[in-house]
Amino acid sequence: MQDPRPLSDEPLPIDLVNTELWAEGERVDLIADTRGLQTWLAAIGRPECPVTPAALARLHDARSAIRAVLEDDGDAAARRRLNAVLDRGRRREALGEDGPTSVVEVRLEEDRLPWEAAGALLRLLRTDRDRLRPCGGHGCVLWFHDASRSGRRQWCSMATCGNRAKARRHHARGRDRTETEDLAAGPEDPPTGSGRAGSG
Ligand SMILES: [Zn+2]
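Residues numbered from 1 in each chain as written. Predicted model: local features only at pLDDT ≥ 70, side-chain atom pairs only at ≥ 80, totals over all residues.

Turning to the overall build of the protein, a few remarks are in order. Looking only at helices and strands, the protein features seven helices and six strands. Reading the protein from its N terminus to its C terminus gives the helix and strand order α-β-β-α-α-α-β-β-α-β-β-α-α. Contacts spanning at least 24 positions in sequence make up 56% of the contacts within the protein whose residues lie at least 6 apart. (Helix = DSSP H or I, 4+ residues; strand = E, 2+ residues; numbered from the N terminus. Contact = placed C-beta atoms within 7 Å.)

Next up on the list: the nonpolar core. Counting residues in hydrophobic clusters, the biggest one holds 31 residues, and the most contacted among them are A62, I66, A117, A118 and W143. Where this core is concerned, the elements lending two or more residues are α1 (12-17), α2 (34-43), α3 (53-71), α4 (76-86), α5 (112-128), β6 (143-145) and α6 (158-175). Both of domain 1 (12-130) and domain 2 (146-200) provide at least three residues apiece to this core. (Core = buried A, V, L, I, M, F, W, Y, C linked by C-beta atoms within 7 Å. Buried ≥ 20, exposed ≤ 12 C-beta atoms within 10 Å, placed from the backbone. Domains from an automatic or database assignment.)

Remark: α3 packs on α4, axes separated minimally by 8 Å, with the N-to-C direction vectors making an angle of 140°. In terms of axis orientation, α3 runs oblique to α4. Every pair of crossing elements has a handedness; the one defined by α3 and α4 is left-handed. For the pair α3 and α4, contact is made by D61, A62, A65, I66, A68 and V69 and by A78, R79, R81, L82 and V85, respectively. Classifying every residue of the contact of α3 with α4 by side-chain character gives eight nonpolar, no polar and three charged. (Axes fitted to C-alpha atoms, helices over the stretch in contact; angles between N-to-C directions. Parallel < 35°, antiparallel > 145°, perpendicular 65-115°, else oblique. Left-handed = near helix turned anticlockwise from the far one by under 90°. Nonpolar A, V, L, I, M, F, W, Y, C, P; charged D, E, K, R; others polar.)

With that settled, the discussion passes to the environment of D73. Mapped onto the elements of the fold, D73 is located in the loop between α3 and α4. Distance in space between the C-alpha atoms of D73 and L125 is 9.3 Å, their sequence separation being 52 residues. Setting aside residues up to four positions removed in sequence, D73 forms contacts with A78 and L125.

Let us now look at the packing of α4 against α5. Put simply, α4 and α5 touch, their axes get as near as 8 Å, and they point 130° apart. In terms of their interaxial angle, α4 and α5 are classed as oblique. Note that α4 runs across α5; the crossing there is left-handed. Facing L82, V85 and L86 of α4, the residues of α5 in contact are P114, W115, A118 and G119. Across the contact of α4 with α5, the residue classes break down as six nonpolar, one polar and no charged.

What follows is about α5. Residues spaced three or four apart along an α-helix face the same direction, because each turn holds 3.6 residues. Spanning 17 residues, α5 covers 23 Å between terminal C-alpha atoms, matching the ideal 24 Å at 1.5 Å per step. For α5, the set of buried residues is R112, L113, P114, W115, E116, A117, A118 and L121. (Expected span 1.5 Å × (residues − 1).)

Within strand β4 (residues 99-106), only zero of the eight residues are buried, leaving the element largely exposed. Turn length for the strand β3 (residues 89-96)-β4 hairpin, with the two strands adjacent in sequence and antiparallel, is two residues. (Pairing = 2+ DSSP bridges.)

Before going further, it helps to examine the pairing of β3. Buried residues are scarce in β3, accounting for zero of its eight residues. Examined bridge by bridge, β3 and β4 share eight bridges and lie antiparallel to one another. Paired with R92 across the two strands is V103, which belongs to β4.

Quick look at the confidence of the model for the protein now. On average, the protein scores 88 in pLDDT, and the residues at 70 or more come to 87%. Note on residues 181-200: pLDDT under 50 across the span, and 37 contacts to partners over four residues away in sequence or across chains. (pLDDT = per-residue confidence, 0-100.)

Among the secondary structure elements, E105 is positioned in strand β4. As a C-alpha pair, E105 and R92 span 13 residues in sequence and 6.9 Å in three-dimensional space. Leave out the neighbours within four places in its chain, and E105 touches G89, R90 and R92.

Rendered as structure tokens:
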């Protein structure tokens with residue numbers, strides 16, 4: 001089965017947000033229906049998750065909460081929505097026969113993946129808040145977690161948005177040799193260390 005995701009190397013909450021994308025001028029939702037959900041679950045390596053209308057609804061709910069928090073984590077309404085997702089599950093620690101155990105308990109099996117995505121977002125917010133960024137590409141709605149060493153990743157992918165921006169800068173440079181291009185586009189990426197999407 002072909003991987004429908006625009007980016008294949010992102011953490012779960014970003015993967016979930018990136019199920020909404022723009023392609024050829026149209027909004028595409030990779031998990032608009034249960035068929036899309038099944039394909040996406042296989043792509044993220046979670047084929048065991050339920051494929052039901054309830055699962056879709058909960059993932060859509062978590063997705064918009066995560067997007068709202070990414071866009072503005074100071075927004076109280078966004079935080080409430082994310083916390084509502086987190087309230088649907090908990091991690092229970094216990095000492096079992098074979099030693100310490102940890103079990104995720106959810107109200108409905110459909111809550112498990114959304115809960116995991118929301119929890120993973122919290123961990124990223126703790127450690128890497130400024131590395132969760134939207135792609136700088138014009139009209140691109142994708143987010144990424146910048147895991148590059150330099151921390152200067154700007155694009156979802158160098159092959160698409162990065163190259164388009166480069167072409168625009170090149171065009172602007174030819175037209176007008178001023179600093180405005182740099183102000184508009186930010187610093188040029190170095191040839192190395194710009195992350196896994198940096199080649200292309
Ligand atoms: Zn992009």
